[in-house]
Amino acid sequence: MMSLGIDVSKAKLHTALELSEQERVKLKTKTVPNTAAGVEALIDWLGRQGARPEAVHVVLEATGPYHETAAELLHGRGLTVSIVNPAQARDFARGLAVRTKTDAVDAKVLARFGALLKPAPWTPPSPEVRFLRALLARQRALIEDLRRERNRLEKVEATHTPALVRDSVRESIAFLEAALAKLQQQIDDHLDGHPQLREDVDLLTSIPAVGLKVAQRFVALLQSRPFTSAQQFAAYLGLVPVERQSGTSVQGRARLSKAGPAHARATLYMAAVTAIRYNPHVKDLYERLLARGKPKMVALGAAMRKLAHICFGVFKNRRPYQPDYASAA
């Protein structure tokens, strides 16, 4: 299978196609607009290189919203598509001793990544899941805007600020609060209109410390990617500890990899803070680690990972949380 690396930017797709000729690796490159027409031009170009759609493995990075159109169109045309974490691609490039970072070089690195590592294929989420993700992304943006405006109000009320400015900030806060309330109603209506999503949310909210907002965000995530194990889910969230030890001179403390989406990790952090008090399995793990002398943040990281495992287990097994199930820490 041929490997096609695509470096995605807002305006363009820089691509590199890796071909094998008599034990030699040959690369061909092509740059097209990051549009539906550009993707069609890329597919036509692949055909001229003798690359049949079913024999091409496309590898691209998750780059906000800019990779989505290309990934969905290429998948729809029969190409195998893999979306990799940008941190993985950077680590792979360092392993190849590639120090230069340009769009063309990144595309070549991704082509080599696909040829050597053969990452798992990606499947587009269903339309209702994509719709839910869009609503939740907008909700996160409005919450962040509201937080900033409330901070501004605190500052203007503590200083000699003109009343006109104070009123403007208060009006902005009222507008954002109303917009958030309306958006939450739209999210609830969307879930009610799709029984599978509503069931998923109800399953996750059966877990102590997992509230409605956490459940909604995790349903969107779990329905968007084909996670095959709790360990894989935790690794995607960046909750796997990374050791820093070598010989006798390097004895660094293990830290979370933080390789996944920061907003999902922040959501899980707040849930874990509650879980160490009210979820029996998470609380037991947290207290045992503290009793063994582990720092609080290390124990809290383990609690986050445990809670992610529980969420995956409940979601995968389609059974509500069982407080008395036997599990190893």
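This text follows the structure it describes.
What you see is a predicted model, and the numbers here were worked out from it, not measured in a lab.

Draft legend 1. Region of the structure containing the nonpolar core. Core analysis: the biggest nonpolar cluster contains 57 residues, and L204, I207, F233 and L237 have the highest contact counts within it. Within the residue set of this core, elements represented by two or more residues are α5 (127–157), α6 (163–192), α7 (195–205), α8 (212–222), α9 (230–236), α10 (262–278), α11 (280–291) and α12 (296–317). Considering every element that reaches this core, the biggest residue donor is α12, with twelve residues. Within the second largest apolar cluster, 23 residues are counted, among which are I6, V56, V58 and A70.

Draft legend 2. Main features of a nonpolar patch on the surface. Taken together, Y269, M270, V273 and M297 make up a surface patch of nonpolar side chains, about 380 Å² in accessible area. On the basis of relative accessibility, which here comes to 32%, the residue V273 falls in the partly exposed class.

Draft legend 3. Quick peek at α10. Under the 1.5 Å per step criterion, the end-to-end length of α10 is 24 Å for 17 residues, consistent within 8% with the ideal 24 Å. For α10, the full list of buried residues reads A264, R265, T267, L268, A271, A272, A275 and I276. Along its buried surface, α10 packs onto α8, α11 and α12.

Draft legend 4. Quick look at the side chain of H281. Mapped onto the elements of the fold, H281 is located in helix α11. A polar side-chain atom of H281 sits 2.5 Å from a polar atom in the side chain of Y321.

Draft legend 5. Structural context of the pattern of salt bridges. Overall, the coordinates contain 18 salt bridges when judged by the stated rule. Two residues, E54 and R52, come together in a salt bridge whose shortest N-O distance is 2.6 Å. Between E199 and R318 there is a salt bridge; the shortest N-O distance is 3.6 Å. Of this pair, E199 sits in helix α7 while R318 sits in the segment after α12; the two residues are 119 residues apart in sequence, bridging distant segments of the chain. Accessibility expressed as a relative area gives 38% for E199, which makes it partly exposed. According to the relative accessible area criterion, R318 is partly exposed, its value standing at 31%. What you see here is one network of salt bridges that share partners, running through E144, D145, R147 and R148.

About the cut-offs
The residue count restarts for each chain, going from 1 along the sequence in the order it is written. For this predicted model, a pLDDT threshold of at least 70 governs which residues receive local features, and a threshold of 80 or more governs which side-chain atom pairs are given and counted, while totals over whole chains, interfaces and linings are taken from all residues. For the side-chain quantities, the full set of heavy atoms in the structure was used; hydrogens and water were omitted. Each nonpolar core is a collection of buried residues, namely Ala, Val, Leu, Ile, Met, Phe, Trp, Tyr and Cys, held together in the definition by side-chain atoms within 4.5 Å. Type-normalised accessible area, obtained with a 1.4 Å probe on protein chains alone, sets the label of each residue: buried when under 20%, exposed when over 50%, and partly exposed for intermediate values. Helix numbering and strand numbering both begin at the N terminus, where a helix is a DSSP run of H or I of at least 4 residues and a strand a DSSP run of E of at least 2. Patch membership requires over 30% relative accessible area and the absence of a salt bridge. Like charges are linked within 9 Å, and nonpolar side chains (Val, Leu, Ile, Met, Phe, Trp, Tyr) within 5 Å. Using a 1.4 Å probe, accessible areas were evaluated by the Shrake-Rupley method; residue-level cover was limited to the displayed protein chains. Salt bridges are defined by distance alone: a side-chain nitrogen of Lys or Arg within 4 Å of a carboxyl oxygen of Asp or Glu. Expected helix span is given by 1.5 Å per residue-to-residue step, counting one fewer step than there are residues. Residue contacts follow a heavy-atom distance rule, with two residues in contact if any of their heavy atoms lie within 4.5 Å. In protein, a polar contact requires one atom able to donate a hydrogen and another able to accept it; more generally it is a pair of N or O atoms within 3.5 Å, and residues adjacent in sequence count only if both atoms are side-chain atoms.

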